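# Coordinate analysis (summary)
Residue-level listing of the chains:
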Amino acid sequence: MTGSARLRVDPIACDGRGLCAEILPELITLDDWGFPVIQGDVPGPLVQCAREAVRICPKLALHLGKVPLQKRR
Amino acid sequence: MRAYENIAGPSPSVADRPAGQLPRLLPAGFAAGPASLAEHLGRYGPLPPPRLDRAHRDALLGEVEGSGLTGRGGAAFPTARKLAAVAAQAAPVVVANGTEGEPASAKDKVLLARSPHLVLDGAVLAAALVGTREAVIVVHHSVREILDEAAAERRRTRLDRVRIRVVTGADRFVGGEASAVVHWIERGVPTPTARPPRLSERGLGGKPTLVQNVETLAHLALIARYGAAWFRGLGTSAEPGTMLVTILGAVNEPCVHEIAIGTPVRDVLRLAGGPSVPLQALLLGGYFGRWADAAAAAPLPFSAAGLAPVGAGIGAGLIAALPADACGLAETARVVRYLADESAGQCGPCLFGLDAVAEEVQRLAEGRTSSLATLRRWLGQVDGRGACSHPDGTVGLIRSALTVFAAELEQHAEGWCCATRAGAVLPVPPRGPR
């Protein structure tokens, strides 16, 4: 799936507060332990919501960036 | 470590070295104990001048690239690419990783205990290649004194222009992960750190850092002496060279051996005296490896390409033989519990997910009420969700167990197990207070 931006969770910083999933349920679901799972890249219309999710994360664990040319590990 | 000290092999001298001769890394002709600097230089000759100008450096980098050497710590990343990435940065530092936190693996400890100078040669050389005079070597506590002595011997003879610092590694499973090694040296905390930035950009003390497994560095020291063509004289064309393997479990003589990559699994087992009892399965690669049916894996070449048909890889060179009368599910459950407990506890899916997964695998192994569907959902939720590959590696091991021990699974669901052997095959350290 292509999009204009990509969300990334810093798994060490993330504490599973779950606010991101409330703001952006279209792209973020929670696993069985309450930690966010990102479903694909952010399409244009949702970029504003994604920015809001990044802003509201109490652990500053969510990052929004460009889609990299190559997948990096 | 005593169990691994029965390494025997042909050919003491590498000075007149036919490419096809083994072992390359481990001394064959010496008595037990580390090779002294004199013995080391007598066997391999001097290291090419460590002060490398730009042209020599590029030539040597080209040689490493031509050799096809890959990391021997388990990830098999092309060494030349890693070297080039760090060499492109200013003021880097080299870390030789001999932590070897995996309880079943002994190859790095044996290499450091027997050929410490070959590893130090490699560290010094890597430092010269990336343009630094600083190398830190992190080793298991059991070989610390040997490395201290070897480093002191080199200082006395003013052999190197590179300052070598020896550090005892953290005795934890995740302590060997590259960013955890850097974290440990810097702050005494053996846990992985978040990336980006990559270590090659910002690592130890904020400097660009090359973290390279000690066996990889030993190979590097030989490539610098004898060249890429010599290195490629053994192994396969896609995966050249030799590698150290740890062979344990139901074999007559558990040991560490050096093999040409691509040697059939059956022949590797023979190096350890062959199976001591009929075998059911082999654990290939390490605790982040894969189970494979013993009969299916025996004729396959021990290489990434060779083991692909059974879904396995060479990992860090571990082969553990599971007897036919042992329970593969019980063995897996024990190792998975250990791995879950060894989570650094930083990432939620690893901390909570692996714990839940380990409990479910334990239930399967004991024939208690359990749900394969739940387990599979959790495996999917844990896979790839950590800062390091700890959850992914553990998930891979479990998935292979569910395939290879499928018949066993059905029996356990009905409340019985055909294993008759008591006692563990795979080593797991005792559970400490947590």
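Residues numbered from 1 in each chain as written. Chains lettered and ligands numbered in written order. Predicted model: local features only at pLDDT ≥ 70, side-chain atom pairs only at ≥ 80, totals over all residues.

## A few points about the confidence of the model for chain B
All names here are of chain B. Across chain B, the average pLDDT comes to 91, with 93% of residues at or above 70. In the predicted structure, residues 1-15 sits below a pLDDT of 50 and forms 30 contacts with residues beyond four places in sequence or in another chain. Taken together, the chains of this predicted complex give a pTM of 0.92 and an interface ipTM of 0.89. (pLDDT = per-residue confidence, 0-100. Contact = placed C-beta atoms within 7 Å.)

## A few points about the interface of chain B and chain A
Counting residues at the interface gives 12 residues for chain B and 10 residues for chain A. Counting residues per element, the ones that place at least two in the side of chain B that touches chain A are α14 (348-366) and α15 (372-382) of chain B. Here the side of chain B that touches chain A takes 4 residues from α14 of chain B, the largest share from any one element. In the side of chain B that touches chain A, the residues fall into 6 nonpolar, 5 polar and 1 charged. (Helix = DSSP H or I, 4+ residues; strand = E, 2+ residues; numbered from the N terminus. Nonpolar A, V, L, I, M, F, W, Y, C, P; charged D, E, K, R; others polar.)

## A word on the pairing of strand β5 (residues 242-249) of chain B
Residue and element names in this part refer to chain B. The element β5 is largely enclosed, with a buried count of 8 among its 8 residues. Relative to strand β6 (residues 255-260), β5 is paired through 6 bridges, and the arrangement is antiparallel. Its bridge partner being in β6, Thr 242 is matched across the sheet by Ala 260. Taken together, β5 and the strand that follows it, β6, pair antiparallel across an intervening segment of 5 residues. (Buried ≥ 20, exposed ≤ 12 C-beta atoms within 10 Å, placed from the backbone. Pairing = 2+ DSSP bridges.)

## As for the nonpolar core
The biggest cluster of nonpolar side chains holds 137 residues, and the ones touching the most others in it are Val 95, Ala 123, Ala 126, Leu 282, Ile 319 and Val 357 of chain B. For this core, the leading source of residues is helix α5 (residues 116-130) of chain B, giving 11 residues. Beyond its immediate chain neighbours, meaning those up to four positions away, Ala 123 of chain B contacts Val 94, Ala 96, Ala 135, Ile 137, Ile 164 and Leu 217 of chain B. Core analysis: the next-biggest nonpolar cluster, separate from the first, contains 15 residues, Cys 20, Val 42, Ala 61 and Leu 62 of chain A among them. (Core = buried A, V, L, I, M, F, W, Y, C linked by C-beta atoms within 7 Å.)

## Notes on the packing of α14 of chain B against helix α16 (residues 390-404) of chain B
Working note: a packed helix pair is described by the angle between its axes plus the distance between those axes. Residues and elements named next belong to chain B. Two elements in contact, α14 and α16, have axes separated by 10 Å at closest approach and are oriented at 15°. With respect to each other, α14 and α16 are oriented roughly parallel. Judged by the twist between their axes, the crossing of α14 over α16 is left-handed. Contacts between α14 and α16 involve Pro 349, Cys 350, Gly 353, Leu 354, Val 357 and Val 361 on the former and, on the latter, His 390, Pro 391, Thr 394 and Ile 398. Tallied by class, the residues present in the contact of α14 with α16 amount to 7 nonpolar, 3 polar and no charged. (Axes fitted to C-alpha atoms, helices over the stretch in contact; angles between N-to-C directions. Parallel < 35°, antiparallel > 145°, perpendicular 65-115°, else oblique. Left-handed = near helix turned anticlockwise from the far one by under 90°.)

## As for the pairing of strand β8 (residues 290-293) of chain B
All names here are of chain B. Note that strand β7 (residues 279-285) and β8 share 4 bridges and pair antiparallel. Each residue of the ladder has a partner; that of Leu 282, found in β8, is Ala 292. Counted along the chain from β7 to the antiparallel partner β8, the turn is 4 residues long, and its residue Gly 286 has a positive phi close to 150°.

## Focus: the domain arrangement of chain B
All names here are of chain B. Splitting chain B by domain gives domain 1 (2-231), domain 2 (242-323) and domain 3 (328-413). Using C-alpha coordinates to define each centre, domain 1 is positioned 34 Å away from domain 3. Between domain 1 and domain 3, the residue contacts involve 7 residues of the former and 7 residues of the latter. (Domains from an automatic or database assignment.)

## As for the sheet that holds β8 of chain B
Residue and element names in this part refer to chain B. Read from one edge to the other, the open sheet built from 5 strands follows the order β6-β5-β9-β7-β8, with strand pairing classed as mixed. Looking along the sheet, the strands with just one partner apiece sit at the ends: β6 and β8. Here the strands of the sheet are splayed against their neighbours by 30° on average, with no regard to which way each runs. Inspection of the sheet shows β5 paired to strand β9 (residues 318-323) by 4 bridges, in the parallel sense. Along β9, the bridge assignment pairs Thr 246 with Leu 318. Sitting on the sheet, helix α4 (residues 107-114) touches β5 and β6, and the angle it makes with β5 is about 120°.

## Overview of α4 of chain B
Counting buried positions along α4 of chain B yields 8 of 8 residues, so the element is predominantly enclosed. Listed in full, the buried residues belonging to α4 of chain B are Lys 107, Asp 108, Lys 109, Val 110, Leu 111, Leu 112, Ala 113 and Arg 114 of chain B.

## Description of the sheet that holds strand β1 (residues 93-98) of chain B
Residues and elements named next belong to chain B. The sheet built from 4 strands is open, its strands ordered β3-β2-β1-β4 with parallel pairing. Each edge of the open sheet carries a strand with a single partner, namely β3 (163-168) and β4 (209-213). Direction aside, the axes of adjacent strands within the sheet are offset by 20° on average. Looking at chain direction, strand β2 (residues 134-139) and β3 are connected through 6 bridges and run parallel. What sits directly across from Val 136, in β3, is Arg 165. Each of β1 and β4 is contacted by helix α8 (residues 214-226), which is oriented at about 90° to β4, the strand it contacts most.

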